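A structural walkthrough
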Amino acid sequence: MLKTVAAFDRIGEENAFAVLARAMQLAAQGRDIINLGIGQPDFRTPDFIVEAAVKALRDGHHGYTPAVGIMPLREAVAADLHKRFNVSVSPDEIMIMPGGKPTMFMTILMFGESGADILYPDPGFPIYRSMIEYTGARPVPVPIREENNFAFSAEETLKLITPQTRLLILNSPANPTGGVTPKAEVDKLVVGLERFPHVAIMSDEIYDHMVYDGETHVCLLSYPSIRDRLILLNGWSKTYAMTGWRLGYAVWPGKLYDYARKLAVNLHSCVNASAQYAGLAALTGPQDETAKMIAEFDKRRKIVVAGLNKLPGTSCATPKGAFYAFPNIKRTGWKAKALAAALLEEAGVALIGGPDFGVLGEGYVRVSYANSAENILQALERIGEFLTSRKAA
Ligand code: PLP
């Protein structure tokens, strides 16, 4: 009998990948499936970014790079953060990472152990809780409420902090709700956090470009009072439709940078060299394809919200960010996961049950509008027919 460590019995995963696999299996059997389940842009990476990677390969960038990433890319990230948020970050605080996820993995490894508490959003990205459990730390959910437009509540978050709290995870714009925490609430949270200097903060800002209705993204780096304990998670996956390239970055404060560098050396050595050159082109090249993609998401957001609000037993708050809607389906009589499963099997629409994002996700489903307006409309029609004709299981 192999004896593995107990921590692996506690690690979770992301059910969106299981739903994607089932949707692909049904499609392979000839079923017509509309996928509103997966969290990735349905656009191609812009050509000039692809060409930059091809050129890097042709130019011979085939070897290891520094573990923290190539300097021109770290400089470009610093310049981008300065341009968009007027914050000064040294390239020596920036680390190029193989996607957004590894930053949460490393951060939670750095702070999580038995006896430690880690605060994370519920509903929220499932990997936060999975990794907290893996480390043996106690996961402490921060409720994210529909009544609060799916924003963080500063007051509720601060009340959960104890002497055992080591890390607070924030995410705005948010997956799975599309919620955006307004600046006034972030200001309040940061002022409150000044009373708790023992708490590190990881701000997951992977959807920072995707805000609508005149909202502006609030980057946590703009608050000097928490800079020495703030980890920023960001990357190229969503903004430049580059999920498969595995390219992200982190800003690490103080000694955490060296811990992260050592973890990288132990784990992946460096990020794929040609992907780093692609990332450099993305940041320094024209931004109009990203702007077009976001304008298209905004159009679909309006279609999806209007359509969801017409469905029986369903109501949907207007999300201000990311590319997700999180409709309330409590009045349909269905449990969220049962509804998601039945919609996939019987109506050919893939979406994700809210409980896959935490216990407070019950009564909601996540609808990704990273699909064409035409497919979204057809999916809404199928869901409408299903809810009208089928009794709750
Ligand atoms: N953070 C959030 C909130 C996400 O929704 C995702 C992906 O869905 C990630 C991080 C991970 O991004 P990446 O694909 O770059 O690892």
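Only a predicted model underlies this, so the values are computations on that prediction, with no experimental measurement involved.

This brings us to helix α1 (residues 15-28). Along its 14 residues, α1 runs 20 Å from first to last C-alpha, staying within 8% of the 20 Å computed at 1.5 Å per residue. Among the residues of α1, Ala16, Val19, Ala23 and Leu26 are the ones counted as buried. Down the axis of α1, the buried side of the element spans an arc of 85 degrees, and every buried residue falls inside it. Away from its buried face by more than 90 degrees, α1 exposes Met24 and Ala28.

A word on the sheet that holds strand β5 (residues 165-171). Ordered in space as β2-β8-β7-β6-β5-β3-β4, the seven strands form an open sheet in which the pairing is mixed. Each edge of the open sheet is held by one strand with a lone partner, namely β2 (94-97) and β4 (138-143). Mean inter-strand twist for the sheet, computed between neighbouring axes without regard to direction, equals 20 degrees.

Together, Val5, Phe8 and Ile11 make up an exposed nonpolar region whose accessible area comes to about 280 Å². Looking at Ile11, the relative accessible area reads 35%, which means it is partly exposed.

Around the ligand, the surrounding shell holds 14 residues, and the nearest of these are Asp204, Tyr207, Ser237, Lys238 and Arg246. Lys101 places a polar main-chain atom, nitrogen or oxygen, 2.9 Å from an oxygen atom of the ligand. One nitrogen or oxygen atom from the side chain of Asp204 is found 2.6 Å from a nitrogen atom belonging to the ligand. When the ligand sits alone it has 390 Å² of accessible area, and the protein chains cover 94% of it. When grouped by side-chain class, the residues that make up the shell around the ligand number five nonpolar, five polar and four charged.

Given two aromatic rings, one states the distance between the centres and the angle between the planes to describe the pair. Tallying each qualifying case throughout the model produces 13 aromatic pairs. Look at Phe43 and Phe297: their rings are 5.6 Å apart centre to centre, the planes differ by 80 degrees, and that puts the pair in the edge-to-face class. Here Phe43, found in the loop between β1 (34-35) and α2 (47-58), pairs with Phe297, found in helix α10 (residues 288-310); they are 254 residues apart in sequence, far enough to count as distant. Residue class for Phe43 comes out partly exposed when judged on its relative accessible area of 28%. On the numbers, 5.5 Å between centres and 40 degrees between planes, the contact of Trp334 with Phe386 is tilted. Here Trp334 is found in the loop between β9 (324-325) and α11 (336-347), whereas its partner Phe386 is found in helix α12 (residues 373-389), with 52 residues between them in sequence. The exposure class of Trp334 is buried, given its relative accessible area of 5%.

Domains assigned within the protein chain are domain 1 (6-44 + 288-389) and domain 2 (63-284). Between domain 1 and domain 2, the C-alpha centre-to-centre distance is 25 Å. Counting residues at the interface gives 39 residues for domain 1 and 37 residues for domain 2. Carbon and sulfur atoms make up 59% of the surface buried where domain 1 meets domain 2, a total of about 3100 Å² over both sides. The interface formed by domain 1 and domain 2 contains three salt bridges. Note that Arg301 is salt-bridged to Asp213, the shortest N-O span being 2.7 Å. The interface formed by domain 1 and domain 2 holds 21 residue pairs in polar contact (both at pLDDT 80 or more) in total. Counting only elements with at least two residues in the side of domain 1 that touches domain 2, the list comes to α10 and β9. The greatest single-element share of the side of domain 1 that touches domain 2, amounting to six residues, is contributed by α10. For the side of domain 1 that touches domain 2, the per-class residue count stands at 20 nonpolar, 10 polar and nine charged.

Rules used throughout
Residues numbered from 1 in each chain as written. Predicted model: local features only at pLDDT ≥ 70, side-chain atom pairs only at ≥ 80, totals over all residues. Heavy atoms only, no water. Helix = DSSP H or I, 4+ residues; strand = E, 2+ residues; numbered from the N terminus. Expected span 1.5 Å × (residues − 1). Buried < 20%, exposed > 50% of the residue type's maximum accessible area, 1.4 Å probe, protein only. Arc of directions from axis to C-beta. Pairing = 2+ DSSP bridges. Axes fitted to C-alpha atoms, helices over the stretch in contact; angles between N-to-C directions. Patch = residues over 30% accessible without salt bridge, like charges linked within 9 Å, V, L, I, M, F, W, Y side chains within 5 Å. Areas by Shrake-Rupley, 256 points an atom, 1.4 Å probe, with all protein chains shown as cover. Salt bridge = Lys/Arg side-chain N within 4 Å of Asp/Glu carboxyl O. Near = heavy atom within 4 Å. Polar contact = N/O pair within 3.5 Å; in protein donor to acceptor, adjacent residues only side chain to side chain. Nonpolar A, V, L, I, M, F, W, Y, C, P; charged D, E, K, R; others polar. Phe/Tyr/Trp six-rings, centres within 6.5 Å; stacked < 30°, edge-to-face > 60°. Domains from an automatic or database assignment. Contact = heavy atoms within 4.5 Å. Buried area = accessible area lost by both parts, 1.4 Å probe.

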